[in-house]
Amino acid sequence: MQEERMAARILDGRIIAASVRADLEPVAAAYRQAHGRPATLAILAIGRDPASSVYANSLRRAAAALHMDARYIRLDEDISDVDLRRAIEDLNADPDVQGILTELPLPPHLSQQVVAEAIDPRKDVDGIGIRNLGALFLRLPSFVPATCAAVLEILDRSEIALVSKRVVVVGASNVVGKPLAFLLLSRDATVTVCHIDTRDLAYWTRQADVLVVAVGKPDLITAAMVKPGAVVVDVGINVREDGAISGDVAFDEVSAVASAITPAPGGVGQLTNLMLLRQTLLAGDLLDAEEP
Ligand code: NAD
């Protein structure tokens, strides 16, 4: 019997991002008008990692397109925990900053705990602090990590239902896989999380109605690992030896099996910055609402 081959619908991040941007423009403009200045996201980078300035520049461009401000603050590579905490506390107290993003991973001598505890939860627009992650666990309103918000935005805007679906998340990091699993659980999906020590990964991925992959290994997911008709979301960003960027999913072969798939690049990554900026605007409104 010949295997059924399908041409997957492409969940195009660029198109979805354009409609999100159109929705955010009036919100950003309203903030500017009310305050006489744009809503501002502070990006805290530690050390001189070139990838970090590339990332900060892409955030700045995304902010500029919405006439928002992204303030890049670079701290010395050898900064101490105490000074990092102080830098974060300065931003917490700065009335011109509505959102704070600390670039991760931190250099090894710094404690993750400092960042997780020090950022004011009201400005923690990438949802990496203890308070926001706790709220996510409890299904209370919270800022969620931007990458996770980007995955949900793509699924929602593509009208892919999650209730009762079997969703498999490959990758269990604190910033992507784990919070995403809780968000999907909050949408009443049946969620399985796989990671590097998962035995027989293909067995689990083949169960998925919706498969989300956030690992950082090119071509980890092949067609044989995907149930025909599944929706596949590729979060991975990998730089190949020839310099080309790819995701974690073998796109050509998997798109012949899946019913819908995000390209990488051109998928989730297109939305991540916008999600941070959207949460910065929301933080601005929530901070305003607190003022007497
Ligand atoms: P990470 O290195 O912190 O975590 C990787 C996870 O994958 C771990 O849980 C690990 O157990 C798991 N893993 C590793 N090898 C595996 C294997 N062979 N099989 C199954 N699981 C395996 O990475 P991260 O920060 O969560 O990022 C994951 C990927 O997503 C990276 O490629 C990163 O560049 C990308 N990313 C993309 C965006 C975006 O906007 N598109 C944002 C953040 C991260």
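Up top is the structure these notes are about.
Cut-offs and rules
- Residues numbered from 1 in each chain as written.
- Predicted model: local features only at pLDDT ≥ 70, side-chain atom pairs only at ≥ 80, totals over all residues.
- Heavy atoms only, no water.
- Pairing = 2+ DSSP bridges.
- Helix = DSSP H or I, 4+ residues; strand = E, 2+ residues; numbered from the N terminus.
- Expected span 1.5 Å × (residues − 1).
- Buried < 20%, exposed > 50% of the residue type's maximum accessible area, 1.4 Å probe, protein only.
- Arc of directions from axis to C-beta.
- Contact = heavy atoms within 4.5 Å.
- Near = heavy atom within 4 Å.
- Polar contact = N/O pair within 3.5 Å; in protein donor to acceptor, adjacent residues only side chain to side chain.
- Areas by Shrake-Rupley, 256 points an atom, 1.4 Å probe, with all protein chains shown as cover.
- Nonpolar A, V, L, I, M, F, W, Y, C, P; charged D, E, K, R; others polar.

## Observations concerning the sheet that holds strand 8 (residues 231-234)
What the six strands build is an open sheet, ordered 1-11-8-7-5-6; its pairing is parallel. Looking along the sheet, the strands with just one partner apiece sit at the ends: strand 1 (9-10) and strand 6 (190-194). Alignment of strand 1 against strand 11 (residues 260-261), held across two bridges, turns out to be parallel. Pairing of Ile 10 across the sheet is with Ile 261, part of strand 11.

## A few points about helix 3 (residues 81-93)
Spanning 13 residues, helix 3 covers 18 Å between terminal C-alpha atoms, matching the ideal 18 Å at 1.5 Å per step. Buried within helix 3 we find Leu 84, Ala 87, Ile 88, Leu 91 and Asn 92. Buried residues of helix 3 fall within an arc of 145 degrees about the axis and therefore sit on the same side. Those residues of helix 3 that are exposed and angled more than 90 degrees off the buried face are Val 82, Asp 90 and Ala 93. Those residues of helix 3 hidden inside the fold are in contact with strand 2 (40-46), strand 3 (69-75), strand 4 (99-102) and helix 4 (112-118).

## With respect to the site of the ligand
Around the ligand sit 21 residues, and of these Ala 172, Ser 173, Ile 196, Ile 237 and Thr 272 come closest. One nitrogen or oxygen atom from the main chain of Ile 196 is found 3.0 Å from an oxygen atom belonging to the ligand. Here a nitrogen atom of the ligand sits 3.3 Å away from a polar atom, N or O, in the main chain of Val 235. When the free accessible area of the ligand is taken as 860 Å², the share hidden by the protein chains comes to 71%. Its residues placed into classes, the shell around the ligand shows 12 nonpolar, eight polar and one charged.

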